[in-house]
Amino acid sequence: MNQKSTPLFDSLKSHVKKTPVSFHVPGHKSGNLFLEKGLEFYKDILSIDVTELSGLDDLHQPEEAILKAELLLSNHYGSKKSFFLVNGTTVGNLAMILSVCSVNDTVIVSRNCHKSIMNGLMLTGAKPVFVGPNFDTDLQIATYVSEQTFKEAINQYPKAKAIIITNPNYYGQTFDLTNIISYAHEKGIPVLVDEAHGAHFGIGEPFPKSAIASGADIVVQSAHKTLPAMTMGSYLHFQSDLVSLEQVKMYLKTMQSSSPSYPIMASLDLARAYIATFKKEKVVKLVDTIEKWKDELSTIPQINIVNSKDPNITQDPLKVIMQTKTSLSGYELQSLLEEEGIYTELADPLNVLCILPLEVKQLHTISETIKDVLSHLPVIQDKKSFPFHQITSDFPYSYWELKPKKTKWVTIEEGIEKLSAETIIPYPPGIPLLLYGERITHEHIRQMKRLKEMGAKFQGSNIIDKLNIIE
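One structure accompanies this document, and this report is about it. Computed from a predicted structure; not experimentally measured.

**Some words on the side chain of Thr423**
Tracing the chain through its elements places Thr423 in the loop between strand 17 (419-420) and strand 18 (425-426). Accessibility expressed as a relative area gives 18% for Thr423, which makes it buried. There is a polar contact of 3.0 Å between the side chain of Thr423 and the backbone nitrogen of Tyr436. Apart from residues no more than four positions distant in its own chain, Thr423 is found in contact with Pro432, Leu434, Leu435, Tyr436, Gln459 and Gly460.

**Observations concerning the packing of aromatic side chains**
Within this structure, the stated rule accounts for 8 aromatic pairs. Between Phe130 and Phe395 the ring centres are 5.1 Å apart and the planes differ by 50°, which places this aromatic pair in the tilted class. Taken as a pair, Phe130 in strand 3 (residues 127-131) and Phe395 in the loop between helix 13 (363-374) and helix 14 (399-402) lie far apart in primary sequence, 265 residues in all. Its relative accessible area of 10% is what places Phe130 among the buried residues. A centroid spacing of 5.9 Å and a plane angle of 15° characterise the contact between Tyr399 and Tyr436, whose relative ring orientation is stacked. A residue pair is termed long-range when its members are at least 10 positions apart, and Tyr399 in helix 14 and Tyr436 in the loop between strand 18 and helix 16 (442-453) qualify at 37 residues.

**A closer look at unusual backbone geometry**
Here the bond from Val25 into Pro26 is cis, since omega is 0°, no more than 30 degrees from zero. For Pro26, the position within the fold is in the loop between helix 1 (7-17) and helix 2 (36-46). Cis peptide bonds are those with omega within 30 degrees of zero, and the linkage from Glu205 to Pro206 qualifies with 10°. Tracing the sequence through the fold places Pro206 in the loop between strand 8 (191-194) and strand 9 (218-221). In this structure, Lys29 takes a positive phi of about 55° despite not being glycine. Taking the relative accessible area as the measure of exposure, Lys29 reaches 28% and is therefore partly exposed. With a phi angle near 60°, Gln140 is a residue other than glycine that sits in the positive phi range. Its place among the elements puts Gln140 in the loop between strand 4 (135-136) and strand 5 (141-142).

Conventions and cut-offs
Residues numbered from 1 in each chain as written. Predicted model: local features only at pLDDT ≥ 70, side-chain atom pairs only at ≥ 80, totals over all residues. Heavy atoms only, no water. Helix = DSSP H or I, 4+ residues; strand = E, 2+ residues; numbered from the N terminus. Buried < 20%, exposed > 50% of the residue type's maximum accessible area, 1.4 Å probe, protein only. Polar contact = N/O pair within 3.5 Å; in protein donor to acceptor, adjacent residues only side chain to side chain. Contact = heavy atoms within 4.5 Å. Phe/Tyr/Trp six-rings, centres within 6.5 Å; stacked < 30°, edge-to-face > 60°.

Structure below.
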């Protein structure tokens, strides 16, 4: 089948051309019933917001257009089987974990993983063994868990049911997983990869290669993050001899909506066709344009454009990291840019992250705006630092063992060395700073207070004077 084909989108388009009369859900009846003030924005998309009608297939039992679209997806990425996800990468992460792990199973997990990984582990009742990532002193961020660290964990826990890796990190830094995956497979351990930010990987150097090419058993990607797909549109790729495909299918059917969004699914079909036909000359032009923009930004005295000096890291060119050289924190720099209509992906105490599209234009105008808005700020030569808490998580219980335990609120001082009864997450990037079931340290408290003072947003406790602990 031609990679330019878009079988699901074409089926929807053919359906709309029939000008059908809707006596089926959803209630807006192909956009004929909708609040007037919203119709201007919704009217076109509502025409393809339908349900499982004849000729439009069924996500949970695909036999026609969706099946063809998923086959094209699998062929492009080189997996044994690929799936459309309409509940985001979150549902893919949950399904892959539930397919492998159960109560009290030991699981080796990258500590700088997304909260959805934690949620999946809690649903299974597994006991996580978290392995800490390296820390980049130039960027002041956690990067990747080293090959040696993973091997030591595998040797220490040879009966682990799975290894769960987040790669790339939110900032687009990737680490070649080939050796880790090969070593785990030698021990009979499957490797599950949250590759949310890597749906565009594999289009050619200098872009990183996907974990699929490195042999991971299951890889989940957020198509909507870097491909032209709608929010909540993701892919799950399966290529394992160690995990049951039927289990994966069962959990996807269980956890995905029984009324999947056809606009989201069609956008996944279109996004796959887009990236599958992304030619080498477009890659060269894209990277050249981005590098020229970074050169322009580098002339602005108030910021640095930073990349890791670690030779083991491959940086995704779509992720551009601006580091403040003023008295402003990264959060304050982000707010200043937003006042000019420039909305970035995230900020941390030192950096602001921009995620660029696969086709870029008008970057020069943006760099001039940034230059103007920062021009009045004095430059601080001494590099700021934000002391990093090297994560050595202490989890005395599995999540199953924690389930019946009671909790209570205590003062911060009383909470030190106790087990946390909640997860505290700076968001974005959604990587928990303190985990449910993790032993609370002075360093946890210090970092949470510092982040809050600098303007970080949290999911979880407000961290004012109380902590929720496990008795």
